[in-house]
Amino acid sequence: MWSPDEISSLCYNHFNKLPKRGKPEAGREWTLLAAVILLTDSSEQKTVHKQIVSLGTGTKCIGQSAMSTKGDILNDSHAEVIARRGCVRYLTEQLYRAVSGQSSDVFCPGSEEGKWAVKPGVSFLFFTSQTPCGDASIFPMTGSQAQPCEPVNAIQSEESERRSLKRHADCDLEETRQGPRMKTSDNHSSHRKSGNTSEHEVITENKESNPLNEVLRCHLPDLHRTGAKCVPDSPADPLQPGLLYHSVGVLRLKPGRGERTLSLSCSDKLARWGVLGFQGALLYHFLQAPLYFRAVVVGKCPYSHQAMQRALKTRCSDVRDLPSGFSAHDPEILQSGLEFPHNHTHTESKHTHTQGRISPCGAAISWCAVSQQPLDVTANGYKQGVTKKALGTSQARSLISKVELFHSFLKLVAATEDSRLPESLRGKDLKTYWDYKQAAGAYQQAWTQLRLQAFPLWPRSPRELLLFS
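Residues numbered from 1 in each chain as written. Predicted model: local features only at pLDDT ≥ 70, side-chain atom pairs only at ≥ 80, totals over all residues. Heavy atoms only, no water.

### Overview of the layout of surface pockets
Turning to step 1, where the next piece is worked out: Of the volumes computed, that of the second largest pocket is approximately 490 Å³.
Turning to step 2, where the next piece is worked out: For the second largest pocket, the lining is made up of 14 residues, of which Arg89, Glu93, Gln372, Ser408 and Lys411 are closest to its centre.
Turning to step 3, where the next piece is worked out: In terms of residue count, helix 2 (residues 79-99) provides more of the lining of the second largest pocket than any other element does, 5 residues in total.
Turning to step 4, where the next piece is worked out: Classifying every residue of the lining of the second largest pocket gives 3 nonpolar, 6 polar and 5 charged. (1 Å grid on protein atoms, 1.4 Å probe; cavity = no way out; pocket = protein on both sides within 12 Å on 5 of 7 lines; lining within 4 Å. Points joined across faces, edges and corners; volume = space filled by probe spheres on them. Helix = DSSP H or I, 4+ residues; strand = E, 2+ residues; numbered from the N terminus. Nonpolar A, V, L, I, M, F, W, Y, C, P; charged D, E, K, R; others polar.)

### Some words on the pairing of strand 14 (residues 332-335)
Turning to step 1, where the next piece is worked out: As paired strands, strand 13 (residues 293-298) and strand 14 are joined by 4 bridges and run parallel to one another. When the sheet's bridge partners are listed, Val298 is paired in strand 14 with Gln335.
Turning to step 2, where the next piece is worked out: Handedness of the crossover joining strand 13 and strand 14 through helix 7 (residues 305-312) is recorded here as right-handed. (Pairing = 2+ DSSP bridges. Right-handed = clockwise from strand over helix to strand, strands pointing away.)

### Some details on the packing of aromatic side chains
Within a pair of aromatic rings, the relevant descriptors are the distance that separates the centres and the angle that separates the planes.
Turning to step 1, where the next piece is worked out: Going through the model one piece at a time under the given rule, you end up with 14 aromatic pairs.
Turning to step 2, where the next piece is worked out: Relative to Phe340, the ring of Phe15 has its centre 5.5 Å away and its plane inclined at 75°; by these criteria the two rings are edge-to-face. With Phe15 in helix 1 (residues 4-17) and Phe340 in the loop between strand 14 and helix 8 (344-350), this pair connects stretches of sequence that are 325 residues apart.
Turning to step 3, where the next piece is worked out: Relative accessible area serves as the criterion here: at 1%, Phe340 is assigned to the buried category.
Turning to step 4, where the next piece is worked out: On the numbers, 5.1 Å between centres and 50° between planes, the contact of Phe126 with Phe293 is tilted. Separated by 167 residues along the polypeptide, Phe126 in strand 8 (residues 122-128) and Phe293 in strand 13 bring together distant segments of the chain. (Phe/Tyr/Trp six-rings, centres within 6.5 Å; stacked < 30°, edge-to-face > 60°. Buried < 20%, exposed > 50% of the residue type's maximum accessible area, 1.4 Å probe, protein only.)

### What about the nonpolar core?
Turning to step 1, where the next piece is worked out: Core analysis: the biggest nonpolar cluster contains 77 residues, and Leu91, Phe286 and Phe409 have the highest contact counts within it.
Turning to step 2, where the next piece is worked out: Among the elements that line this core, the one with the most residues is helix 2, at 9 residues.
Turning to step 3, where the next piece is worked out: If near-sequence neighbours (up to four positions away) are discounted, Leu91 is found in contact with Val106, Phe107, Phe124, Phe278, Leu283 and Leu291.
Turning to step 4, where the next piece is worked out: In this structure, Leu253, Ala281, Tyr292 and Ala446 belong to the second largest nonpolar core, which totals 21 residues. (Core = buried A, V, L, I, M, F, W, Y, C linked by side-chain atoms within 4.5 Å. Contact = heavy atoms within 4.5 Å.)

### Section: the packing of helix 2 against helix 9 (residues 402-415)
Turning to step 1, where the next piece is worked out: Two numbers describe how helix 2 lies on helix 9: the axes approach to 9 Å, and their chain directions differ by 10°. Relative to helix 9, the element helix 2 is oriented roughly parallel. Here Arg85, Val88, Arg89, Thr92, Leu95, Tyr96 and Val99 of helix 2 come into contact with helix 9, specifically with Lys402, Leu405, Ser408, Phe409, Lys411, Leu412 and Ala415. (Axes fitted to C-alpha atoms, helices over the stretch in contact; angles between N-to-C directions. Parallel < 35°, antiparallel > 145°, perpendicular 65-115°, else oblique.)

### Some words on helix 2
Turning to step 1, where the next piece is worked out: Across its 21 residues, helix 2 extends 30 Å between first and last C-alpha, which sits within 8% of the 30 Å expected from 1.5 Å per residue.
Turning to step 2, where the next piece is worked out: Burial of helix 2 is extensive: 18 of the 21 residues sit out of reach of the surface.
Turning to step 3, where the next piece is worked out: At the exit of helix 2 stands Gly101, carrying a positive phi of roughly 85°. (Expected span 1.5 Å × (residues − 1).)

### Digging into the side chain of Ser104
Turning to step 1, where the next piece is worked out: Along the chain, the position of Ser104 falls in the loop between helix 2 and strand 6 (107-109).
Turning to step 2, where the next piece is worked out: The class of Ser104 is buried, set by a relative accessible area of 4%.
Turning to step 3, where the next piece is worked out: Here Gln94 takes part through its side chain, which lies 2.9 Å from a polar atom of the side chain of Ser104.
Turning to step 4, where the next piece is worked out: Beyond its immediate chain neighbours, meaning those up to four positions away, Ser104 contacts Gln94, Ala98 and Lys119. (Polar contact = N/O pair within 3.5 Å; in protein donor to acceptor, adjacent residues only side chain to side chain.)

### Looking at the pairing of strand 16 (residues 363-368)
Turning to step 1, where the next piece is worked out: Most of strand 16 is tucked away: 6 of the 6 residues are buried.
Turning to step 2, where the next piece is worked out: Judged by which residues are buried, strand 16 turns out to be covered on both faces: Ala363, Ile365 and Trp367 on one side and Ala364, Ser366 and Cys368 on the other are all buried.
Turning to step 3, where the next piece is worked out: Relative to strand 16, strand 3 (residues 47-57) runs antiparallel, the two sharing 3 bridges. Across the sheet, residue Ser54 finds its bridge partner in strand 16, namely Cys368.
Turning to step 4, where the next piece is worked out: With 5 bridges joining them, strand 16 and strand 17 (residues 375-379) adopt antiparallel strand pairing. For Ala363, the partnering residue across the bridge sits in strand 17 and is Ala379.

If you want it as C-alpha coordinates, here you go:
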(Lines give C-alpha, C1' and ligand atoms only; values in the text may rest on other atoms or scores of the structure.)
Protein backbone atom coordinates (compact mmCIF):
# COMPACT_ATOMS: atom_id res chain seq x y z
CA MET A 1 0.00 0.00 0.00
CA TRP A 2 2.92 2.32 0.76
CA SER A 3 6.66 1.88 1.19
CA PRO A 4 9.30 3.72 3.28
CA ASP A 5 10.98 4.97 0.09
CA GLU A 6 7.66 6.29 -1.17
CA ILE A 7 7.14 8.20 2.08
CA SER A 8 10.64 9.71 2.16
CA SER A 9 10.44 10.70 -1.50
CA LEU A 10 7.10 12.41 -0.84
CA CYS A 11 8.63 14.41 2.02
CA TYR A 12 11.79 15.40 0.15
CA ASN A 13 9.80 16.53 -2.90
CA HIS A 14 7.48 18.58 -0.70
CA PHE A 15 10.47 20.29 0.92
CA ASN A 16 11.92 21.12 -2.49
CA LYS A 17 8.71 22.93 -3.47
CA LEU A 18 8.79 25.22 -0.44
CA PRO A 19 10.14 28.78 -0.77
CA LYS A 20 13.85 29.36 -0.28
CA ARG A 21 13.44 31.22 3.00
CA GLY A 22 14.85 29.23 5.92
CA LYS A 23 16.53 26.58 3.78
CA PRO A 24 20.23 25.75 4.28
CA GLU A 25 22.88 27.27 2.05
CA ALA A 26 24.10 24.59 -0.38
CA GLY A 27 27.54 23.26 0.45
CA ARG A 28 27.83 25.17 3.74
CA GLU A 29 24.77 24.49 5.90
CA TRP A 30 22.89 21.30 6.70
CA THR A 31 19.61 20.51 8.42
CA LEU A 32 17.25 17.67 9.31
CA LEU A 33 13.68 17.09 8.16
CA ALA A 34 10.61 15.50 9.76
CA ALA A 35 6.99 15.26 8.69
CA VAL A 36 3.57 13.92 9.61
CA ILE A 37 1.68 12.16 6.84
CA LEU A 38 -2.09 11.60 6.82
CA LEU A 39 -2.98 8.18 5.40
CA THR A 40 -6.51 7.56 4.15
CA ASP A 41 -7.32 3.97 3.24
CA SER A 42 -9.83 3.39 0.46
CA SER A 43 -11.12 -0.14 0.91
CA GLU A 44 -13.15 0.07 -2.30
CA GLN A 45 -10.23 1.07 -4.53
CA LYS A 46 -7.65 -0.76 -2.38
CA THR A 47 -5.44 2.34 -2.32
CA VAL A 48 -3.99 4.63 0.31
CA HIS A 49 -4.08 8.39 -0.16
CA LYS A 50 -0.98 10.02 1.32
CA GLN A 51 -0.96 13.69 2.30
CA ILE A 52 1.73 15.61 4.14
CA VAL A 53 -0.09 17.63 6.80
CA SER A 54 2.98 18.96 8.60
CA LEU A 55 6.66 19.30 7.74
CA GLY A 56 9.49 20.71 9.81
CA THR A 57 13.22 21.29 9.61
CA GLY A 58 15.68 22.32 12.31
CA THR A 59 18.57 21.31 14.55
CA LYS A 60 18.65 23.95 17.31
CA CYS A 61 17.47 24.48 20.91
CA ILE A 62 17.60 27.61 23.03
CA GLY A 63 19.46 27.72 26.33
CA GLN A 64 17.78 27.42 29.72
CA SER A 65 17.96 31.14 30.56
CA ALA A 66 16.26 32.09 27.25
CA MET A 67 13.15 30.01 27.98
CA SER A 68 9.86 31.69 28.77
CA THR A 69 6.94 30.46 30.88
CA LYS A 70 4.69 32.70 28.74
CA GLY A 71 4.95 30.19 25.90
CA ASP A 72 5.99 32.84 23.39
CA ILE A 73 9.36 31.29 22.46
CA LEU A 74 10.07 28.00 20.71
CA ASN A 75 12.32 26.20 23.17
CA ASP A 76 13.03 23.23 20.93
CA SER A 77 13.44 23.62 17.17
CA HIS A 78 14.55 20.12 16.23
CA ALA A 79 12.77 18.93 13.09
CA GLU A 80 10.76 16.23 14.90
CA VAL A 81 9.36 18.73 17.39
CA ILE A 82 8.59 21.31 14.71
CA ALA A 83 6.71 18.69 12.66
CA ARG A 84 4.64 17.55 15.62
CA ARG A 85 3.73 21.13 16.60
CA GLY A 86 2.69 21.89 13.02
CA CYS A 87 0.50 18.80 13.13
CA VAL A 88 -1.21 20.07 16.31
CA ARG A 89 -1.95 23.31 14.45
CA TYR A 90 -3.42 21.32 11.57
CA LEU A 91 -5.55 19.16 13.90
CA THR A 92 -6.87 22.25 15.69
CA GLU A 93 -8.12 23.64 12.38
CA GLN A 94 -9.64 20.27 11.46
CA LEU A 95 -11.52 20.19 14.77
CA TYR A 96 -12.64 23.77 14.23
CA ARG A 97 -14.11 22.74 10.88
CA ALA A 98 -15.84 19.78 12.50
CA VAL A 99 -17.47 21.73 15.35
CA SER A 100 -18.49 24.46 12.87
CA GLY A 101 -20.41 21.98 10.72
CA GLN A 102 -17.86 22.02 7.89
CA SER A 103 -16.25 18.95 6.39
CA SER A 104 -13.13 17.61 8.08
CA ASP A 105 -10.58 15.26 6.54
CA VAL A 106 -9.82 13.76 9.94
CA PHE A 107 -12.69 13.86 12.43
CA CYS A 108 -16.23 12.58 12.78
CA PRO A 109 -18.57 12.71 15.83
CA GLY A 110 -17.63 10.30 18.59
CA SER A 111 -19.95 8.23 20.74
CA GLU A 112 -19.43 10.49 23.76
CA GLU A 113 -21.08 13.90 23.99
CA GLY A 114 -18.71 16.67 22.90
CA LYS A 115 -16.06 14.22 21.74
CA TRP A 116 -14.69 13.55 18.27
CA ALA A 117 -13.14 10.44 16.77
CA VAL A 118 -10.80 9.85 13.86
CA LYS A 119 -12.65 8.80 10.73
CA PRO A 120 -12.49 5.12 9.73
CA GLY A 121 -9.51 4.43 7.49
CA VAL A 122 -7.59 7.51 8.64
CA SER A 123 -4.21 7.14 10.34
CA PHE A 124 -0.99 9.10 10.81
CA LEU A 125 2.62 8.28 9.99
CA PHE A 126 5.75 10.03 11.27
CA PHE A 127 8.83 10.51 9.11
CA THR A 128 12.26 11.71 10.16
CA SER A 129 15.28 11.98 7.88
CA GLN A 130 17.69 11.08 10.70
CA THR A 131 17.66 8.72 13.66
CA PRO A 132 16.11 10.73 16.54
CA CYS A 133 18.68 12.25 18.88
CA GLY A 134 19.14 10.67 22.28
CA ASP A 135 18.62 7.01 23.10
CA ALA A 136 17.72 5.87 19.57
CA SER A 137 21.10 7.17 18.32
CA ILE A 138 23.13 4.96 20.65
CA PHE A 139 24.09 1.68 19.01
CA PRO A 140 27.24 -0.19 17.92
CA MET A 141 29.10 1.13 14.90
CA THR A 142 29.82 -1.19 11.99
CA GLY A 143 32.72 -0.82 9.62
CA SER A 144 33.74 2.80 9.10
CA GLN A 145 30.34 4.40 9.59
CA ALA A 146 30.32 8.08 10.39
CA GLN A 147 28.75 9.37 13.59
CA PRO A 148 25.05 10.24 13.16
CA CYS A 149 25.44 13.38 15.25
CA GLU A 150 28.18 15.30 17.00
CA PRO A 151 30.08 13.16 19.54
CA VAL A 152 29.79 14.14 23.17
CA ASN A 153 33.39 15.37 23.14
CA ALA A 154 33.61 17.05 19.73
CA ILE A 155 36.90 18.93 19.35
CA GLN A 156 36.21 20.16 15.83
CA SER A 157 39.33 19.93 13.68
CA GLU A 158 41.12 17.28 15.77
CA GLU A 159 38.12 15.10 16.64
CA SER A 160 38.42 12.54 13.86
CA GLU A 161 42.11 11.92 14.54
CA ARG A 162 41.65 11.69 18.29
CA ARG A 163 38.73 9.26 17.99
CA SER A 164 40.87 7.05 15.77
CA LEU A 165 43.73 7.15 18.25
CA LYS A 166 41.34 6.37 21.07
CA ARG A 167 39.95 3.30 19.35
CA HIS A 168 43.46 2.06 18.53
CA ALA A 169 44.49 2.59 22.13
CA ASP A 170 41.38 0.84 23.47
CA CYS A 171 42.24 -2.13 21.27
CA ASP A 172 45.78 -2.20 22.64
CA LEU A 173 44.43 -2.17 26.20
CA GLU A 174 42.12 -5.06 25.38
CA GLU A 175 45.00 -7.04 23.87
CA THR A 176 46.99 -6.40 27.03
CA ARG A 177 44.22 -8.06 29.04
CA GLN A 178 43.33 -10.92 26.72
CA GLY A 179 46.01 -11.45 24.10
CA PRO A 180 49.60 -10.63 23.09
CA ARG A 181 51.02 -8.10 25.45
CA MET A 182 52.08 -4.75 23.98
CA LYS A 183 54.29 -2.34 25.83
CA THR A 184 52.87 1.07 26.73
CA SER A 185 54.46 3.99 28.47
CA ASP A 186 52.86 6.19 31.11
CA ASN A 187 54.68 9.10 29.50
CA HIS A 188 52.55 8.65 26.37
CA SER A 189 49.14 8.75 28.03
CA SER A 190 47.23 11.97 28.30
CA HIS A 191 44.01 13.20 29.87
CA ARG A 192 42.32 16.04 27.96
CA LYS A 193 39.19 17.93 28.86
CA SER A 194 36.62 19.70 26.75
CA GLY A 195 33.67 21.32 28.48
CA ASN A 196 32.19 18.92 31.04
CA THR A 197 33.57 15.78 29.45
CA SER A 198 36.98 14.24 29.24
CA GLU A 199 38.75 12.00 26.79
CA HIS A 200 41.39 9.49 27.79
CA GLU A 201 43.97 8.60 25.21
CA VAL A 202 46.72 6.04 25.46
CA ILE A 203 49.23 6.14 22.60
CA THR A 204 51.33 3.03 22.12
CA GLU A 205 55.07 3.67 21.92
CA ASN A 206 56.46 3.23 18.41
CA LYS A 207 53.04 1.99 17.27
CA GLU A 208 53.51 2.53 13.55
CA SER A 209 57.08 1.25 13.50
CA ASN A 210 56.19 -2.17 14.92
CA PRO A 211 55.27 -4.57 12.06
CA LEU A 212 53.39 -6.79 14.49
CA ASN A 213 50.82 -4.01 14.83
CA GLU A 214 49.60 -4.75 11.31
CA VAL A 215 48.73 -8.27 12.45
CA LEU A 216 47.58 -7.51 15.98
CA ARG A 217 45.70 -4.29 15.30
CA CYS A 218 41.96 -4.54 15.84
CA HIS A 219 39.30 -2.09 16.89
CA LEU A 220 37.29 -2.48 20.02
CA PRO A 221 33.63 -2.22 18.96
CA ASP A 222 32.51 1.38 19.37
CA LEU A 223 29.18 3.16 19.71
CA HIS A 224 27.51 5.84 17.69
CA ARG A 225 27.48 8.64 20.20
CA THR A 226 24.90 11.26 20.95
CA GLY A 227 25.50 14.79 22.14
CA ALA A 228 22.42 14.56 24.36
CA LYS A 229 23.39 14.56 28.05
CA CYS A 230 21.74 12.49 30.79
CA VAL A 231 19.21 14.56 32.77
CA PRO A 232 20.60 16.05 36.02
CA ASP A 233 20.59 13.79 39.09
CA SER A 234 20.38 10.67 36.94
CA PRO A 235 23.17 8.11 36.51
CA ALA A 236 25.80 9.66 34.26
CA ASP A 237 27.27 8.06 31.15
CA PRO A 238 30.19 5.75 32.09
CA LEU A 239 32.38 7.26 29.31
CA GLN A 240 34.33 4.00 29.20
CA PRO A 241 35.99 2.74 26.01
CA GLY A 242 33.94 1.30 23.19
CA LEU A 243 30.45 -0.02 23.91
CA LEU A 244 30.58 1.18 27.53
CA TYR A 245 30.72 4.87 26.63
CA HIS A 246 26.98 5.55 27.03
CA SER A 247 24.15 4.31 29.22
CA VAL A 248 21.00 3.35 27.33
CA GLY A 249 17.32 3.79 28.11
CA VAL A 250 17.79 6.98 30.14
CA LEU A 251 16.30 10.44 29.66
CA ARG A 252 18.59 12.93 27.96
CA LEU A 253 18.73 16.68 27.39
CA LYS A 254 19.66 18.08 24.00
CA PRO A 255 23.04 19.79 23.84
CA GLY A 256 23.40 23.52 23.47
CA ARG A 257 26.33 25.70 22.53
CA GLY A 258 27.54 27.08 25.83
CA GLU A 259 24.52 27.07 28.14
CA ARG A 260 22.71 23.76 28.58
CA THR A 261 19.13 23.34 27.44
CA LEU A 262 16.06 21.95 29.17
CA SER A 263 14.77 20.24 26.02
CA LEU A 264 14.49 16.49 26.21
CA SER A 265 15.85 14.43 23.33
CA CYS A 266 13.63 13.57 20.38
CA SER A 267 13.86 9.90 21.36
CA ASP A 268 12.30 10.77 24.72
CA LYS A 269 9.59 12.91 23.15
CA LEU A 270 8.65 10.26 20.58
CA ALA A 271 8.44 7.72 23.42
CA ARG A 272 6.14 10.07 25.32
CA TRP A 273 3.87 10.57 22.29
CA GLY A 274 3.73 6.78 21.99
CA VAL A 275 1.89 6.60 25.33
CA LEU A 276 0.07 9.94 25.68
CA GLY A 277 -0.61 10.52 21.98
CA PHE A 278 0.79 13.32 19.86
CA GLN A 279 -2.29 15.56 20.11
CA GLY A 280 -1.30 17.07 23.46
CA ALA A 281 -3.38 17.90 26.53
CA LEU A 282 -5.41 20.75 25.00
CA LEU A 283 -6.84 18.88 22.01
CA TYR A 284 -7.46 15.81 24.16
CA HIS A 285 -10.42 17.69 25.66
CA PHE A 286 -12.22 17.19 22.34
CA LEU A 287 -11.01 13.71 21.45
CA GLN A 288 -12.51 10.36 22.35
CA ALA A 289 -9.09 8.69 22.30
CA PRO A 290 -5.45 9.75 21.98
CA LEU A 291 -3.88 9.93 18.51
CA TYR A 292 -0.94 7.61 17.88
CA PHE A 293 1.41 7.23 14.94
CA ARG A 294 0.74 4.11 12.93
CA ALA A 295 4.37 3.92 11.87
CA VAL A 296 7.69 5.74 12.22
CA VAL A 297 9.88 5.87 9.10
CA VAL A 298 13.54 6.91 9.23
CA GLY A 299 15.48 8.09 6.19
CA LYS A 300 18.78 6.61 5.10
CA CYS A 301 21.35 7.27 7.84
CA PRO A 302 23.25 5.36 10.53
CA TYR A 303 20.43 3.32 12.04
CA SER A 304 19.65 0.45 14.40
CA HIS A 305 16.21 -1.13 14.49
CA GLN A 306 16.96 -2.53 17.95
CA ALA A 307 17.90 0.90 19.32
CA MET A 308 14.74 2.44 17.81
CA GLN A 309 12.61 -0.27 19.41
CA ARG A 310 14.28 0.28 22.78
CA ALA A 311 14.04 4.07 22.68
CA LEU A 312 10.51 4.44 21.32
CA LYS A 313 8.70 1.37 22.63
CA THR A 314 10.41 -1.07 25.01
CA ARG A 315 11.23 1.31 27.84
CA CYS A 316 7.57 2.36 28.07
CA SER A 317 6.03 -1.07 27.50
CA ASP A 318 5.55 -1.89 31.20
CA VAL A 319 3.59 1.23 32.12
CA ARG A 320 0.43 0.15 33.95
CA ASP A 321 -2.79 1.65 35.35
CA LEU A 322 -3.28 4.07 32.47
CA PRO A 323 -6.73 5.64 32.03
CA SER A 324 -9.05 4.08 29.48
CA GLY A 325 -7.92 4.71 25.90
CA PHE A 326 -4.24 5.21 26.71
CA SER A 327 -1.67 2.50 26.07
CA ALA A 328 1.99 1.99 25.30
CA HIS A 329 1.55 2.07 21.55
CA ASP A 330 3.47 -0.19 19.18
CA PRO A 331 4.11 1.70 15.91
CA GLU A 332 5.77 -0.08 13.04
CA ILE A 333 9.37 1.11 12.68
CA LEU A 334 10.85 1.16 9.19
CA GLN A 335 13.83 2.63 7.35
CA SER A 336 13.95 4.14 3.89
CA GLY A 337 16.85 3.72 1.51
CA LEU A 338 16.66 7.37 0.42
CA GLU A 339 18.89 10.02 1.99
CA PHE A 340 17.88 13.62 2.64
CA PRO A 341 19.84 15.78 0.15
CA HIS A 342 20.44 18.53 2.75
CA ASN A 343 21.87 16.42 5.57
CA HIS A 344 25.42 16.71 6.87
CA THR A 345 26.84 14.01 4.59
CA HIS A 346 25.54 15.54 1.35
CA THR A 347 26.51 19.03 2.46
CA GLU A 348 30.05 17.89 3.19
CA SER A 349 30.35 16.29 -0.26
CA LYS A 350 29.43 19.62 -1.94
CA HIS A 351 31.50 21.80 0.34
CA THR A 352 34.38 23.91 -0.98
CA HIS A 353 37.10 25.52 1.11
CA THR A 354 36.00 28.99 0.01
CA GLN A 355 32.64 28.58 1.79
CA GLY A 356 34.09 28.51 5.27
CA ARG A 357 33.15 26.05 7.96
CA ILE A 358 30.18 23.67 7.55
CA SER A 359 27.51 24.41 10.15
CA PRO A 360 23.90 23.49 10.96
CA CYS A 361 21.30 25.82 9.50
CA GLY A 362 20.16 28.37 12.06
CA ALA A 363 16.58 28.55 10.80
CA ALA A 364 13.70 26.16 11.39
CA ILE A 365 10.90 25.76 8.83
CA SER A 366 7.36 24.81 9.77
CA TRP A 367 4.79 24.09 7.08
CA CYS A 368 1.35 22.65 7.74
CA ALA A 369 -1.79 22.10 5.69
CA VAL A 370 -3.87 24.95 7.13
CA SER A 371 -5.94 27.51 5.26
CA GLN A 372 -4.00 30.60 6.37
CA GLN A 373 -0.26 31.22 6.80
CA PRO A 374 0.86 27.62 6.33
CA LEU A 375 4.56 28.58 6.35
CA ASP A 376 6.37 29.72 9.49
CA VAL A 377 10.14 30.25 9.62
CA THR A 378 11.89 30.83 12.93
CA ALA A 379 15.39 31.38 14.33
CA ASN A 380 16.44 31.37 17.98
CA GLY A 381 12.87 30.65 19.04
CA TYR A 382 11.34 33.68 17.25
CA LYS A 383 10.16 34.44 13.74
CA GLN A 384 13.12 34.78 11.43
CA GLY A 385 14.10 38.37 10.71
CA VAL A 386 12.22 39.89 13.64
CA THR A 387 13.74 43.09 14.98
CA LYS A 388 14.95 43.43 18.55
CA LYS A 389 12.26 46.04 19.16
CA ALA A 390 9.52 43.52 18.32
CA LEU A 391 10.73 40.86 20.75
CA GLY A 392 8.02 40.02 23.28
CA THR A 393 5.21 41.08 20.93
CA SER A 394 2.83 38.96 18.87
CA GLN A 395 4.73 39.90 15.71
CA ALA A 396 7.77 38.00 16.98
CA ARG A 397 5.95 34.79 17.91
CA SER A 398 6.05 31.61 15.91
CA LEU A 399 2.66 30.32 14.79
CA ILE A 400 3.46 27.01 16.50
CA SER A 401 4.54 28.51 19.84
CA LYS A 402 2.53 27.45 22.89
CA VAL A 403 0.72 30.77 23.18
CA GLU A 404 -0.31 30.84 19.50
CA LEU A 405 -1.54 27.24 19.63
CA PHE A 406 -3.43 28.14 22.81
CA HIS A 407 -5.14 31.07 21.07
CA SER A 408 -6.16 28.72 18.24
CA PHE A 409 -7.56 26.35 20.85
CA LEU A 410 -9.58 29.17 22.46
CA LYS A 411 -11.12 29.91 19.04
CA LEU A 412 -12.06 26.23 18.82
CA VAL A 413 -13.74 26.41 22.23
CA ALA A 414 -15.56 29.63 21.28
CA ALA A 415 -16.84 28.03 18.04
CA THR A 416 -18.35 25.12 19.95
CA GLU A 417 -21.91 25.41 21.24
CA ASP A 418 -22.09 25.26 25.04
CA SER A 419 -24.30 22.18 24.88
CA ARG A 420 -21.69 20.39 22.73
CA LEU A 421 -18.63 21.29 24.79
CA PRO A 422 -16.71 18.37 26.32
CA GLU A 423 -17.59 17.73 29.96
CA SER A 424 -14.10 18.80 31.05
CA LEU A 425 -14.72 22.33 29.70
CA ARG A 426 -18.31 22.97 30.76
CA GLY A 427 -19.03 25.60 33.36
CA LYS A 428 -15.36 26.23 34.12
CA ASP A 429 -13.54 29.53 34.08
CA LEU A 430 -10.29 28.39 32.52
CA LYS A 431 -8.13 31.28 31.41
CA THR A 432 -4.57 30.02 30.99
CA TYR A 433 -2.73 27.41 29.00
CA TRP A 434 -1.78 25.65 32.22
CA ASP A 435 -5.39 25.61 33.49
CA TYR A 436 -6.62 23.94 30.31
CA LYS A 437 -3.85 21.36 30.45
CA GLN A 438 -4.64 20.45 34.04
CA ALA A 439 -8.36 20.22 33.26
CA ALA A 440 -7.75 17.31 30.86
CA GLY A 441 -8.04 14.85 33.76
CA ALA A 442 -7.46 11.52 32.01
CA TYR A 443 -4.53 12.94 30.06
CA GLN A 444 -2.90 14.20 33.25
CA GLN A 445 -3.44 10.84 34.95
CA ALA A 446 -1.76 9.08 32.04
CA TRP A 447 1.07 11.62 32.13
CA THR A 448 1.58 10.97 35.84
CA GLN A 449 1.73 7.20 35.37
CA LEU A 450 4.22 7.56 32.53
CA ARG A 451 6.46 9.84 34.57
CA LEU A 452 6.42 7.65 37.65
CA GLN A 453 6.92 4.32 35.91
CA ALA A 454 8.90 4.87 32.72
CA PHE A 455 10.42 8.34 33.26
CA PRO A 456 11.02 8.54 37.03
CA LEU A 457 13.66 11.25 36.64
CA TRP A 458 11.45 13.54 34.56
CA PRO A 459 11.36 17.01 36.23
CA ARG A 460 8.36 17.48 38.48
CA SER A 461 7.96 21.20 39.20
CA PRO A 462 5.07 22.95 37.37
CA ARG A 463 7.45 25.41 35.72
CA GLU A 464 9.70 22.67 34.38
CA LEU A 465 6.78 20.58 33.20
CA LEU A 466 5.41 23.58 31.32
CA LEU A 467 8.75 24.12 29.63
CA PHE A 468 9.23 20.48 28.73
CA SER A 469 5.78 19.94 27.24
